[in-house]
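Architecture at a glance
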Amino acid sequence: MGDIAPQPHGTFTTFEEGLAALAGDLTRLRIERGMPSDRDLGARATGSMTQIRLAVATQSDIFNGKRLVRLDTFMALVRVLLSYDEYGRPTAVPSHTAPELDAWRRRWRELAALQSSGHSRARAARAAQSATEGAEAVRESLGESATGPRAPAEPHQPADSLGPADRARTPRHPEPVADPTAGPAPEPTARPDPDQPVGPPAGPPTRPAPYALRHRLVGHLACGTRRPACPSARR
C-alpha cells in the first residue's frame, strides 16, 4: 500500500489554498490508517514514549485547515498517523528521521514560505497605501501654503462702538452729485410738531362787524339815561 504524499508547492497560488490542500492530504492519510479519533491519536502520542503531545483542539485546527501549526507539532501528528496500519492497528511510531517523513516536512516548509511571502506582500501593500496617503497630504499642504490661509471675516460692529481709528478705516458713502441740468430742488416740507396742540391757523385778530359795535354803543347810552332800568345798576 502506498502512502499519501502532500501535493507539490507549484499547484497553489495562495497560502489559504495550500493550507486547505495540506489539511485534505492529512485527512486522506487518516482515512487510509483506519480513521482513528482525535482522542485515540492523543492517547497514542502520550503512550508512545516519544514525548509527543497532541491536544484535541490542535488536531481540529490542523485537520480543518484553520492555521499552520509549528513544524514539530505538525510532524508529531504525521508520525502518530503513520504508526497505524491499514486496518487501524497500532504499530511502532516512526523515528523523526524516517524517510517517509521528508515529503511532509518539505511540504510544511514550502507552505510556511508561501505564508511569509503573503505577509510580505500585505506589508508592502500597506506601506504603499501609507506612502500614497502621505503624498496626498503633502500636496494638499503645499496647495494651502501657496494660496495662503483665508483670513476670517471680521464681525460687524455698530458705528457707535467704533473708535477714532476704526472710524478712519471705515469707508464712507460718497456724497450725491447734483445734476446741473435739473431744476432747483424743492424745499423740504416742514413736518408738524407732535407736541404742538392742533388749533385754528394763526392770523390777525378778528374785528367785530360795524353793526355789532353800533348796537353795543346804543346799549351803553340807554343804560346811562335810564339808570334804574339798566341791568348793571341792579347789580
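Residues numbered from 1 in each chain as written. Predicted model: local features only at pLDDT ≥ 70, side-chain atom pairs only at ≥ 80, totals over all residues. Heavy atoms only, no water.

1. Some points on the packing of helix H1 (residues 15-32) against helix H4 (residues 71-82)
Counted only if it meets this: Only the stretch in contact is used when fitting a helix axis, every axis being a line fitted to C-alpha atoms; angles between N-to-C directions are given from 0 to 180 degrees. Counting from the N terminus, the helices are DSSP H or I runs at least four residues long and the strands are E runs at least two residues long. For classification, angles of less than 35 degrees are called roughly parallel, those exceeding 145 degrees roughly antiparallel, those between 65 and 115 degrees roughly perpendicular, and all remaining angles oblique. Crossings are classed by handedness, with left-handed meaning an anticlockwise turn of the near helix from the far one by less than a right angle and right-handed meaning a clockwise turn. Throughout, a contact is declared for two residues whenever any of their heavy atoms are within 4.5 Å. Three classes are used, and their members are as follows: Ala, Val, Leu, Ile, Met, Phe, Trp, Tyr, Cys and Pro are nonpolar, Asp, Glu, Lys and Arg are charged, and the others, Gly among them, are polar.
The interhelical angle for the contact between H1 and H4, taken along N-to-C directions, is 25°, at an axis separation of 10 Å. When the axis of H1 is compared with that of H4, the two are roughly parallel. For the pair H1 and H4, the crossing hand works out as left-handed. Here Leu-22, Leu-26, Leu-29 and Arg-30 of H1 lie close against H4, whose contacting residues are Phe-74, Leu-77, Val-78, Leu-81 and Leu-82. Each residue belonging to the contact of H1 with H4 can be placed in one class, and the counts come to 8 nonpolar, no polar and 1 charged.

2. Remarks on the pattern of salt bridges
Cut-off, in case you're wondering: Any Lys or Arg side-chain nitrogen located within 4 Å of an Asp or Glu carboxyl oxygen qualifies as a salt bridge. When a residue's accessible area, from a 1.4 Å probe over protein chains only, is under 20% of the maximum for its type it is buried; when over 50% it is exposed; and in between it is partly exposed.
If you walk through the whole model with that rule in mind, you get 7 salt bridges. Linking Asp-61 and Arg-67 is a salt bridge whose minimum nitrogen-to-oxygen distance equals 2.9 Å. A relative accessible area of 17% places Asp-61 in the buried class.

3. Focus on the packing of aromatic side chains
In this description, a pair of aromatic rings is defined by centroid distance and the angle of the planes. Basically, it comes down to this: Aromatic pairing here means that ring centres of Phe, Tyr or Trp (its six-membered ring) are within 6.5 Å. Orientation follows from the plane angle: under 30 degrees is stacked, over 60 is edge-to-face, and everything else is tilted. Whether a charge sits over a ring comes down to the Lys NZ or Arg CZ being within 6 Å of the ring centre and within 35 degrees of the ring normal.
According to the stated counting rule, one finds 1 aromatic pair in the structure shown. Note on Phe-74 and Trp-104: the rings are 6.4 Å apart at their centroids and 55° apart in plane angle, and the pair reads as tilted. Remark: Trp-104 occurs in helix H5 (residues 102-147) and Phe-74 occurs in helix H4; sequence separation between them is 30 residues. Trp-104 carries the same exposure label as Phe-74, and that label is buried. In this structure, Arg-30 packs its charged tip against the face of Phe-63, placed 4.5 Å from the ring centre.

4. Some details on empty space enclosed by the protein
Put simply, the test is: Every definition here rests on a 1 Å grid over the protein atoms only: cavities are sets of points where a 1.4 Å probe fits but cannot get out, pockets are open sets enclosed by protein on both sides within 12 Å along at least five of seven lines, and lining residues have some atom within 4 Å of a point. Grid points are joined across faces, edges and corners, and a volume is the space filled by probe spheres set on the points.
Applying the stated criterion to the full structure yields 1 cavity of 30 Å³ or more. By volume, the largest cavity amounts to about 50 Å³. Counting residues per element, the lining of the largest cavity draws most heavily on H1, at 4 residues. Looking at the lining of the largest cavity, its residues break down into 8 nonpolar, no polar and 1 charged.

5. A look at helix H3 (residues 56-63)
Taken as a whole, H3 has its buried residues at Thr-58, Gln-59, Asp-61, Ile-62 and Phe-63. Residues of H3 that are buried sit in contact with H1, helix H2 (38-46) and H4.

6. Some thoughts on the environment of Glu-86
As for its placement among the helices and strands, Glu-86 is situated in the loop between H4 and H5. The exposure class assigned to Glu-86 is partly exposed, which follows from its relative accessible area of 42%. Sequence separation of Glu-86 and Met-35 is 51 residues, and the distance between their C-alpha atoms is 9.4 Å.

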